[in-house]
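Next come the chains, spelled out residue by residue.
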Amino acid sequence: MTFSIVAVDLGTGEVGVAVASKFLAVGAVVPWARAGAGGVATQAWANLSYGPDGLDLLAEGRPAGDVVKTLTARDEKREHRQLGVVDYAGRAAAWTGSECYTWAGHRQGASYTCQGNILASETVVAAMSESFEQASGLLPERLLAALDAGQSAGGDRRGQQSAALYVAKEKGSYGGYLDRAIDLRVDDHPTPIGELHKLLDLHRLYFGETVPGNLIRLQGAVVAEVQDMLRRAGFLGDPPSGAYDAPTRSALRSFCSVENFEERWREDDFVDREILHFMRKRFGHRE
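Residues numbered from 1 in each chain as written. Predicted model: local features only at pLDDT ≥ 70, side-chain atom pairs only at ≥ 80, totals over all residues. Heavy atoms only, no water.

Student: I'm lost on the overall build of the protein chain in this one. Help?
Tutor: Regarding its fold elements, the protein chain presents 8 helices and 12 strands. Taking the principal axes of the C-alpha coordinates as reference, the protein chain spans close to 75 × 40 × 30 Å. Of all 287 residues assigned to the protein chain, the portion counted as buried reaches 48%. In the form shown here, the protein chain has an accessible surface area of approximately 13,100 Å², with 50% of it arising from carbon and sulfur atoms. Counting 31 positive and 38 negative side-chain charges, the protein chain places the centres of these two groups 1 Å from one another. (Helix = DSSP H or I, 4+ residues; strand = E, 2+ residues; numbered from the N terminus. Buried < 20%, exposed > 50% of the residue type's maximum accessible area, 1.4 Å probe, protein only. Areas by Shrake-Rupley, 256 points an atom, 1.4 Å probe, with all protein chains shown as cover. Lys, Arg positive; Asp, Glu negative; His and termini not counted. Charge placed at Lys NZ, Arg CZ, Asp CG, Glu CD.)

Here it is as structure tokens:
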């Protein structure tokens, strides 16, 4: 009752799953991924044990094809199941049981597999596959591009309800403690894939890495503008000094903490351009 894509980026080490369905909170069921192991999508009368068990097998170094065979061989209801697996070497495999509701099937390529059931037609997985292969850029955006293509080709023939994006990367989580780099879910919405795009944009804003070319020194007109916005936001008193002094640094740190920008906060005299853009949208560009 779902269409999904599992993929690994051999360059960045990211492994991810994107999924959409006419099913409540599909992100709580289908996507499973682990850095250094691979990814699993379990769907169609989903056997949720395929997720953790599949990741354990992948972590042992088992190729995707063996993982699919092992999981389905011991499941008496395998003909009702659908499964997509990609290992950390980029090998892909899938299973579509003979009792899955039509249209149901899968399609693999280099480092990815697309699968779906109760779809408008075979064109859905074909469009997903072609989109992923042609898309450039980062893995999360390519995964969502595949969902977009699948939905445009008809998607789940019952309609839309939920979508999810899960990406694992070593030390990729908030604070770098876990491999859960992206875990976004739209549980119940008339256009869940569109909402998932919005959430990914917000995730990039709050948790994206600061690149050197995106830094602005807090001096001159820039620091005066920042002080004015901090004053109007209630973080800095009057009158501002016109320099990036201790009170301004403290006020900006407090602002970043309140707005959840601690991942982009810097202790030096530079500010991430994304923070500055956010402040300008919220408090207006000082003329």
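Student: Would you take a moment to explain the sheet that holds strand β5 (residues 82-87) for this structure?
Tutor: Think of a sheet as strands paired side by side through backbone hydrogen bonds, with each pair either parallel or antiparallel. A sheet is described by the order of its strands in space; here 4 strands give the open sequence β3-β4-β5-β6, paired in antiparallel fashion. Because the sheet does not close on itself, it has two edges, and the strands there are β3 (31-34) and β6 (92-96). The sheet shows a mean angle of 10° between the axes of neighbouring strands, direction not considered. In terms of strand pairing, β5 meets β6 through 5 bridges, oriented antiparallel. Bridging across to β6, Val 86 finds its partner in Ala 92. Its contacts with the sheet place helix α1 (residues 50-59) against β3, β4 (38-43) and β5, and it is angled at close to 155° to β4. Most of the contacts of helix α2 (residues 64-73) go to β5, to which it runs at about 150°, and overall it touches β5 and β6. (Pairing = 2+ DSSP bridges. Axes fitted to C-alpha atoms, helices over the stretch in contact; angles between N-to-C directions. Contact = heavy atoms within 4.5 Å.)

Student: Just to check I follow, could you spell out unusual backbone geometry for this structure?
Tutor: Of all residues except glycine, most have a negative phi; of all peptide bonds, most are trans. Residues Thr 102 and Trp 103 are joined by a peptide bond in cis, for which omega reads -15°. Within the secondary structure, Trp 103 sits in the loop between β6 and β7 (105-109). Non-glycine residue Lys 171 carries a positive phi angle of around 55°. On the secondary structure map, Lys 171 appears in the loop between β9 (162-168) and β10 (180-186). One non-glycine residue, Asn 260, lies in the positive phi region at around 65°.

Student: Teacher, can you tell me more about the environment of Arg 204 here?
Tutor: Inspection of the secondary structure assignment puts Arg 204 in helix α5 (residues 192-207). Separated by 22 residues in the primary sequence, Arg 204 and Ile 182 place their C-alpha atoms 9.7 Å from one another. Here Arg 204 is in contact with Leu 138, Pro 140, Glu 141, Ile 182 and Arg 264, once residues within four sequence places are set aside.

Student: Would you take a moment to explain the nonpolar core for this structure?
Tutor: Counting residues in each nonpolar core, the largest one holds 27 residues, and the members touching the most others are Ile 5, Leu 143, Leu 147 and Leu 165. Only β1 (2-8), β2 (15-21), β8 (112-116), α3 (123-134), α4 (139-152), β9, β10 and α5 provide two or more residues apiece to this core. Broken down by element, the residue count for this core peaks at 5 residues, all from α4. Counting residues in each nonpolar core, the second largest holds 23 residues, with Leu 218, Val 223, Ala 251 and Leu 276 among its members. (Core = buried A, V, L, I, M, F, W, Y, C linked by side-chain atoms within 4.5 Å.)

All we've got here are geometric facts, nothing functional implied.
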